[in-house]
Amino acid sequence: MQHLHTPTKKQLPAKAERHKLFGSVPPGEKTKPENKADMADLQNTKKNFLFHIDAVGIANVKHPIQVISNTSPAMQTTIGTFEFTSSIQQDSKGTNMSRFTEQLDMYHKNGFTVSVQSLQTFVAELAERLKQDDAKVKVTFPWFFERSGPASGMTGLNHADASLEVSYHKETGFRTTAKLSGTVTTLCPCSKEISEYSAHNQRGIVSMEVQLTDAFNEDVQDWKEALLEAAESNASARIHPVLKRPDEKMVTETAYENPRFVEDMVRLVAADLYELDYVEKFTVSCSNQESIHLHDAVATLSYDKRDEME
Ligand SMILES: Nc1nc2c(ncn2[C@@H]2O[C@H](COP(=O)(O)OP(=O)(O)OP(=O)(O)O)[C@@H](O)[C@H]2O)c(=O)[nH]1
C-alpha cells in the first residue's frame, strides 16, 4: 500500500536540552567536603543510643552465585538473593552498610561458590570487617536438578527453592540452617476411597527447614538432594519436565498407588528427616493446591531431636 504523505523525520533537541525541557537544573553551589576523610561519619558516632539492635544490614541483594551438587548438574550458576546482618551495640549509631556488598564483590571476583563451608568463612570475616561479635548471612536461590521420565528416561531440568542461613558469634561459633521447598503430586486418599473411579490430585509444595549439626560434611553429603528426596520419595508421585505417554501412564498409576493426605506428607517427610543424622531439628510443611477447591490444604510439623536427651 502506498503512503499518501511522505513521512518527515522529527528534529529532536540535543540530549542536554531535552533534559532541561523535562526539568533538569544545573548543580547548585557545593559547600560540603568531597574527600572521604573530611566527610562526616554519622554511622561511627559513639553515644548512648538507648537500645542495642539485634540485626541491622541489607536484604534482597540479588547476585549470581555458583552452586555444587551431588546430582546433575554438578555445578550451576544461579541467582542468589542475600540478606546480611549483624547486631550493633547501644553506643553505635549505625552499621557500615557498604561493607556487606564490598565483601560480596570480593568473594564474587574470587569465584564465590555458595556452600556451608564458604558461608561460614564469609560470615566470620564479615563480623570482623564490621568490628562486631556476630553476623548472619542468608542466601536463597532456585536450585536446578535433572529429572528423568520414569519409563523413557528422557531428561529435563526441574527446580526447587533452596536457602542456607549461617549465623556466627565469636563465642558460640556457627549455627547453620538449610531450607528447601519442592513440588510434588499428591492424590487424595479420601477421594480414592469413596469414588467409583478416579481420585482428585494436585500439586503439593513441601517446605523443609533443618538445622544442621557440626557433623554435617558437605564433601560427602548434599543437603539439597537429601531434602528433595525426602519430599519426592514420600509423595504420591514426582513432578517431571518431560513425560512421554509411557511415562505419563506410570506417574498416573504411581500416584493412585500412593495416595497422601497433607498430614501423611508431613509425617512421612518428618520420618526421613529424623533419620538424617546430621539434622538436629526440623520443621516440615505441606501445602496442597487443591484441584477441587479454591483454597489450599496445609499442615506443619516441628521436631527437635535434642529434646530426646532431656
Ligand atoms: N547505617 C546505615 N547506613 C545506610 C542506611 N541507608 C543507607 N546507608 C548506607 O550508608 C553507606 C555508606 O556508609 P558506610 O558503609 O559506613 O561508608 P564508609 O564510612 O565510607 O565506609 P567504611 O570506610 O567502610 O567505614 C551506603 O552504602 C548506604 O547504603 C541506613 O539506614 N543505615
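Presented here is an overview of the structure given in this document. (Residues numbered from 1 in each chain as written. Predicted model: local features only at pLDDT ≥ 70, side-chain atom pairs only at ≥ 80, totals over all residues. Heavy atoms only, no water.)

## Side note on the overall build of the protein
Under the convention used in this document: A run of DSSP states H or I qualifies as a helix once it reaches four residues; a run of E qualifies as a strand once it reaches two. Both are numbered from the N-terminal end. We take the radius of gyration over the C-alpha atoms and set the globule estimate at 2.2 Å times the residue count to the 0.38 power. Think of it in three bands: with a 1.4 Å probe and only protein chains considered, a residue is buried below 20% of the maximum accessible area for its type, exposed above 50%, and partly exposed in between. Residue contacts follow a heavy-atom distance rule, with two residues in contact if any of their heavy atoms lie within 4.5 Å. Per-residue and other accessible areas were derived by the Shrake-Rupley procedure at a 1.4 Å probe size, with only the shown protein chains allowed to occlude residues.
The secondary structure content of the protein amounts to 7 helices and 9 strands. Compactness check: the protein gives a C-alpha radius of gyration of 27 Å against a globular reference of 19 Å for 310 residues, more than 25% above the reference. On the principal axes, the C-alpha backbone points of the protein span a range of 85 × 85 × 35 Å. A total of 310 residues make up the protein; the buried ones form 37% of that total. Counting contacts in the protein only where the partners sit at least 6 residues apart, residues at least 24 apart contribute 65% of the total. Element-wise, carbon and sulfur atoms account for 52% of the exposed surface of the protein, whose accessible area totals about 19,300 Å².

## As for the sheet that holds strand β1 (residues 53–68)
Strand pairs in the sheet, formed through backbone hydrogen bonds, run parallel or antiparallel to each other. What counts is decided by this rule: In this scheme, strands are said to pair when DSSP sees at least two bridges between them. Helix axes are fitted to C-alpha atoms over the stretch in contact, other axes to C-alpha atoms as well, and angles between N-to-C directions run from 0 to 180 degrees.
Taken together, 9 strands build an open sheet; the order of strands is β3-β1-β2-β4-β5-β6-β7-β8-β9 and the sheet is mixed. Edge strands, defined here as strands with exactly one partner in the open sheet, are β3 (113–114) and β9 (296–304). Helix-sheet contacts for helix α2 (residues 98–109) involve β1 and β2 (75–88), and the interaxial angle to β1 is about 20°. Along the sheet, helix α5 (residues 223–233) contacts β1, β4 (134–148), β5 (155–169), β6 (173–187) and β7 (201–212); its crossing angle with β6, the most-contacted strand, is approximately 35°.

## Some remarks on the side chain of N288
In plain terms, the rule: Each polar contact in these results corresponds to two N or O atoms within 3.5 Å; when the atoms are within protein, one needs to be able to donate a hydrogen and the other to accept it, and residues that are neighboring in sequence are counted only if both atoms are side-chain atoms.
Along the chain, the position of N288 falls in strand β8 (residues 279–289). Engagement of the side chain of N288 in a polar contact is seen with the side chain of T186, the distance being 3.2 Å. For N288, the contacting residues outside a window of four places in its chain are T186, Q202, R203, G204, V262, H295, D296 and A297.

## Remarks on the site of the ligand
Rule in force here: The near set for a molecule or strand comprises every residue that places at least one heavy atom within 4 Å of it. Charged means Asp, Glu, Lys or Arg here, nonpolar means Ala, Val, Leu, Ile, Met, Phe, Trp, Tyr, Cys or Pro, and polar covers whatever is left, Gly included.
Lining the immediate surroundings of the ligand are K36, Q43, T95, N96, M97, S98 and R99. In the model, a nitrogen atom of the ligand is placed 2.9 Å from a nitrogen or oxygen of the T95 main chain. M97 is positioned such that a nitrogen or oxygen atom in its backbone is 3.3 Å from an oxygen atom of the ligand. Coverage of the ligand by the protein amounts to 52% of the 660 Å² it exposes when considered alone. In terms of residue class, the shell around the ligand is built from 1 nonpolar, 4 polar and 2 charged.

## Side note on the packing of α5 against helix α7 (residues 262–275)
This is how the line gets drawn: Throughout, a crossing is termed right-handed when the near helix is turned clockwise from the far one, and left-handed when it is turned anticlockwise from it by less than a right angle.
Where α5 meets α7, the closest approach of the two axes is 9 Å, and the angle between their N-to-C directions is 145°. As α5 packs across α7, the resulting crossing turns out to be right-handed. Contacts between α5 and α7 involve L227, A230, A231 and S233 from the first element and M265, V269, D272 and L273 from the second. Split into classes, the residues belonging to the contact of α5 with α7 amount to 6 nonpolar, 1 polar and 1 charged.

## Thoughts on helix α3 (residues 116–130)
Definition in use: Here the expected length of a helix is defined as 1.5 Å per residue gap, with one fewer gap than residues.
In this model α3 runs 21 Å from its N-terminal to its C-terminal C-alpha over 15 residues, within 8% of the 21 Å that 1.5 Å per residue would give. Of all the positions in α3, only V116, S118, L119, Q120, F122, V123, L126, A127, R129 and L130 are classed as buried. Immediately beyond the C-terminal end of α3, within one or two residues, lies K131, with a positive phi of roughly 60°.

## Remarks on unusual backbone geometry
Residue S72 is joined to P73 through a cis peptide bond whose omega torsion reads -5°. Its location among the elements puts P73 in the loop between β1 and β2. Here the phi dihedral of N60 falls at roughly 60°; this positive angle occurs in a residue that is not glycine. Topologically, N60 is positioned in strand β1. Positive phi outside glycine occurs at S198, with the angle close to 65°.

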